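An overview of the molecular structure
Residue-level listing of the chains:
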Amino acid sequence: MAIFSASRAKPKKSAIFLNISFIFLFLFYIATSYFLDQSNEPEVTAKLSLRPQEELTKSEGCSGIHDYTDYKSKCVYIKSNIGCRSKGYINYLQIFYCTCGKFSMLGHTILLLWLAVLFYLLGNTAADYFCPSLESLSKLLKLSPTIAGVTLLSLGNGAPDVFASIVSFTRSSNGDVGLNSILGGAFFVSSVVVGVISILTSPCQISVDKCSFIRDVCFFLFSLCCLLLIILVGKISLWGAISFLSIYLGYVSVVCIMHCQYRKKNHLAGDGNQEEFLESGIPLLGCVDDEKPVLVDKTTDKDQRSSMIFCNLDSSFCYYSGRLLYVLELPLYLPRRLTIPVVSEERWSRPFAVISVALAPILLAALCTSQREKEFGSKSSLVTYMTSGLIGIVLGNVAYVTTKKSSPPKKSLLPWLAGGFFMSVTWSYIIAEELVSLLISLGYILGINPSVLGLTVLAWGNSLGDLIANVAMAVNGGADGAQIAISGCYAGPMFNMLLGLGISLIFSSGSKYPSSFVIPEDPSLYETLGFLIGGLLWTLVILPRKNMRLDRSLGIGLLAIYLCFLSLRLARSLGLLKLH
């Protein structure tokens, strides 16, 4: 998700647009919640009183909404059916059918704008808060580049997919969204991204390391076969979920062993260049993110020059316009900045650090009370808020006493980094929960299975950064850059699948222990897995035959496989093709 990384001193047009959209959506939500809904409440209440009591308490989803024709009846159905209640914090179906009513175009625009805002927030939180915390932790713990690349930095790149999968299993009744999102993202990256890289780099006759490639693809295929077996069985126990997650530990062990052997061999041979190539050949996905700001700086250099010329014309106008842009960025930036501790040298601010430490416990208390709203009364919530407020005051005073205004703390960094990591995880979880809830609601509105949206919209949105960053690395980084990009295209999706689905399955099966967790039934998963395995086998056959050189035949074949898969899913969604 490196695409979302941006400097605070250089606000992007897209970020400003999304912040303005957020302000508009927030004001719209407040206005409609307190004014329009109150005017419609008597009419809706009268219709609810005419409906049978057993119909008011049924909870088998919200699929019956399209049985009604007018928006008023749909609004009554949504408010009377427990299955239509949102799993997130906002009831999108109620906004679309009750608030917007007959203005369906307005409803679609609002939900699509909010979808873009959520995608931006999820990626930007990972890029600006989650990844820096992981990188600093890896340096503090003195992890080798190999271990950091296949653990912490891979987690930073795959955070959106991992959190979306966990939320889909734990906070919604639609685990299909998480499964399809992970598999859709893996298929997109391993087919489209690798295909585009192969086509663009084919004139350069670039070869990739055979051992690293075969290792990554074989582990990926083994993981997919294990997942296929789990889906065929239809259920999984707690120990089975732990075993599935442990596959990645085996992968990390093999990578480390190969790295040590190769490094020892190069040390005996005294060849430093080969060792540097090895470091680039490992799936060190953080290198992709590190290269991205360089590309951004190149593209924004012309904009800086033009803005300097423009600012010289009227310095006062430039000053006030700059302050206006800064203010417009605050709505999406400030809530996270005030609750996530940041101790990096370039972003250090003592007031922000103290406030974030003081407000973080309150945010956690608000999250806990909202999750358990139905189980505890207002008295328990008040006690929770008072306790968290007291903890925040103590931590804030400690932070104020132990920090300096000029520079971030140099000692006792582990609590700061751990706090920043935990709070960025909290924000990613909140945003992912809302994103999954919105996709499920859009599935009901558009009459599309939410799993299809997870396979396409959610997977594409989370993989867009990988597409841009990996292709840029392969095109501009030469042979080493192509090696890093190709390794990332397989190690990253495998990490997302094993960690995202593994943790989700552990949570879900742990809640059912000693019984087994039943996997959501979705026949289309077999198609996705089949095409994904087919794309990997195509790569595994073609690359060795081409002496590990990336060429057009490999790329065109991968793109053709992905387009065939999309055509099949589209035909089934539209009812043009029915497979039993």
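Each chain carries its own residue numbering, running from 1 in the direction its sequence is written. The predicted origin of the model limits local features to residues at a pLDDT of at least 70 and limits the giving and counting of side-chain atom pairs to 80 or more, whereas totals for whole chains, interfaces and linings rest on all residues. Excluding hydrogens and water, the side-chain values take into account all heavy atoms of the structure.

By the naming in an unreviewed UniProt entry, the chain goes by Sodium/calcium exchanger membrane region domain-containing protein and is assigned to Salix dunnii. UniProt, in its Sequence similarities (unreviewed entry) section for the chain, records the words "Belongs to the Ca(2+):cation antiporter (CaCA) (TC 2.A.19) family. Cation/calcium exchanger (CCX) subfamily." UniProt positions are given in the numbering used here, feature names are shortened, and annotations may be inferred rather than shown by experiment. Comment text from UniProt for the chain, heading Subcellular location (unreviewed entry), reads "Membrane".

Turning to the state of the cysteines, a few remarks are in order. Disulfide: a pair of cysteine sulfur atoms within 2.5 Å of each other. Across all of its chains, the model carries one disulfide by this definition. The residue that forms a disulfide with C75 is C98, at a sulfur-sulfur distance of 2.0 Å. Disulfide C75-C98: torsion about the S-S bond near 110°, hence right-handed. Taken together, the residues span a long stretch of sequence, with C75 in helix α3 (residues 71-80) and C98 in helix α4 (residues 92-99) at a distance of 23 residues. With respect to class, C75 is no different from C98; both count as buried. Secondary structure elements are defined from DSSP: runs of H or I of at least 4 residues count as helices, runs of E of at least 2 residues count as strands, and each element is numbered from the N terminus. Burial here depends on accessible area, computed with a 1.4 Å probe over protein chains only, as a share of the maximum for the residue type. Under 20% is buried, over 50% is exposed, and the range in between is partly exposed.

One confidence number per residue, pLDDT, is output by the predictor and ranges from 0 to 100. Scored by pLDDT, the chain has a mean of 75; 72% of the residues are at 70 or more. Confidence drops under pLDDT 50 across residues 1-10; counting only partners more than four residues distant or on other chains, this segment forms 31 contacts. Residue contacts are counted whenever heavy atoms from the two residues lie within 4.5 Å of one another.

Counting through the fold element by element, P520 comes out in the loop between β2 (517-518) and α19 (524-545). Taking the C-alpha atoms as reference points, P520 and K235, separated by 285 residues in sequence, lie 8.8 Å from one another.

This brings us to unusual backbone geometry. Not every positive phi belongs to a glycine, and N547 is a case in point at roughly 60°. By the secondary structure assignment, N547 is in the loop between α19 and α20 (552-573). Given a relative accessible area of 59%, N547 falls into the exposed group. If you check the backbone angles, M548 has positive phi at about 65° while not being a glycine.

A separate point is the nonpolar core. What is meant by a nonpolar core is a set of buried Ala, Val, Leu, Ile, Met, Phe, Trp, Tyr and Cys residues, joined one to another through side-chain atoms within 4.5 Å. I197, L224, F244 and M497 are the most contacted members of the largest nonpolar core, which has 66 residues in total. Of all the secondary structure elements, the ones that give two or more residues to this core are α8 (175-201), α9 (210-233), α10 (238-269), α17 (450-476), α18 (478-512), α19 and α20. Top contributing element to this core by residue count: α18, with 14 residues.

Helix-helix packing is characterised by the crossing angle of the two axes and by the distance between the axes. Axis definition: a line fitted to C-alpha atoms, over the contacting stretch in the case of helices. Angles run 0 to 180 degrees between N-to-C directions. Where α9 contacts α19, the axes come no closer than 11 Å and their chain directions differ by 160°. Relative to α19, α9 is oriented roughly antiparallel. Judged by the twist between their axes, the crossing of α9 over α19 is left-handed. Mapping the contact onto sequence places F213, V217, F220, L221, L224, L227, L228, I231 and L232 in α9 and L525, Y526, L529, L532, I533, L536, L537, T539, L540 and L543 in α19. Partitioning the contact of α9 with α19 into residue classes produces 18 nonpolar, one polar and no charged. Our angle categories are set so that under 35 degrees counts as roughly parallel, over 145 as roughly antiparallel, 65 to 115 as roughly perpendicular, and the remainder as oblique. Crossing chirality is assigned from the near helix's rotation relative to the far helix, an anticlockwise turn below a right angle marking it left-handed and a clockwise turn marking it right-handed. Note that Gly is not counted as nonpolar here; it falls among the polar residues with everything else outside the nonpolar set of Ala, Val, Leu, Ile, Met, Phe, Trp, Tyr, Cys and Pro and the charged set of Asp, Glu, Lys and Arg.

With that settled, the discussion passes to the packing of aromatic side chains. Side-chain rings of Phe, Tyr and Trp, where Trp is taken by its six-membered ring, are said to pair if the distance between their centres is within 6.5 Å; with planes under 30 degrees apart they count as stacked, over 60 as edge-to-face, and otherwise as tilted. What the rule picks out here adds up to eleven aromatic pairs. Taking 5.0 Å as the distance between ring centres and 65° as the angle between the ring planes, the aromatic pair formed by F187 and Y562 counts as edge-to-face. Of this pair, F187 sits in helix α8 while Y562 sits in helix α20; the two residues are 375 residues apart in sequence, bridging distant segments of the chain. The class for Y562 is buried, based on a relative accessible area of 5%. The interplanar angle of 70° and the centroid separation of 5.0 Å between the aromatic rings of F187 and F565 together place this pair among those described as edge-to-face. With F187 in helix α8 and F565 in helix α20, this pair connects stretches of sequence that are 378 residues apart. Both residues of the pair, F187 and F565, belong to the buried class. Three or more aromatic residues link up through ring pairs in this structure, and these residues are F187, F188, F531, Y562 and F565. By definition, being over a ring means that NZ of Lys or CZ of Arg is both within 6 Å of the ring centre and within 35 degrees of the ring normal. The ring of Y400 carries R350 above its face, with NZ or CZ at 4.2 Å from the centroid.

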